[in-house]
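# Geometric and topological summary
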Amino acid sequence: VVNNSPVIAGGTPLTPQATINDGYLDVCIIRPVSFLRLIWLAFQVSQKAHTHSRSVILERITTLTVITRKPLPIHIDGELIPEINSKARRMSITVLPKALRVVIPSLCEFDLDHISSYETTS
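In this text, all values refer to a predicted model and were calculated from it rather than measured experimentally.

Reading the values: the criteria
Residues numbered from 1 in each chain as written. Predicted model: local features only at pLDDT ≥ 70, side-chain atom pairs only at ≥ 80, totals over all residues. Heavy atoms only, no water. Salt bridge = Lys/Arg side-chain N within 4 Å of Asp/Glu carboxyl O. Helix = DSSP H or I, 4+ residues; strand = E, 2+ residues; numbered from the N terminus. Buried < 20%, exposed > 50% of the residue type's maximum accessible area, 1.4 Å probe, protein only.

Let us now look at the pattern of salt bridges. Tallied over the entire structure, the rule returns 2 salt bridges. Residues R60 and D22 are paired through a salt bridge, measuring 2.0 Å at the closest nitrogen-oxygen approach. Within this pair, whereas R60 is found in strand β3 (residues 56-61), its partner D22 is found in the loop between β1 (2-3) and β2 (25-30), the two being separated by 38 residues in sequence. A salt bridge links D26 to R60, with the shortest nitrogen-to-oxygen separation between them at 3.6 Å. One end of the pair, D26, is in strand β2; the other, R60, is in strand β3, with 34 residues separating them in the sequence. Judged by relative accessible area, D26 falls into the buried class, the value being 5%. By relative accessible area, which is 42% here, R60 ends up partly exposed. What emerges from the salt-bridge pattern is a single network uniting D22, D26 and R60.

Below is the structure:
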């Protein structure tokens, strides 16, 4: 999984050190394990204890290329990509810092003072 937030699927803390504004993507790779070990890892993920497991690799990246022998399904934010029939043998991922401009309507109230790297426009 390549992620830019600490959680996936509505709250599962797969990459607990990830932040959306640090210029990195966080990667979680689970080595091949038995089914029973996978169940144990799922429990560990729910407790944020998987970060110390030898079966889990956590990395911070700015670019990543994945190449496979056969086409594999690709999901972006949990959705399949219909333009490529949701399968590919090669995928490149690159961080584009500050590439998304977010405009907050003046009628909304948000406390962004604690996030100094954001530029806000009301």
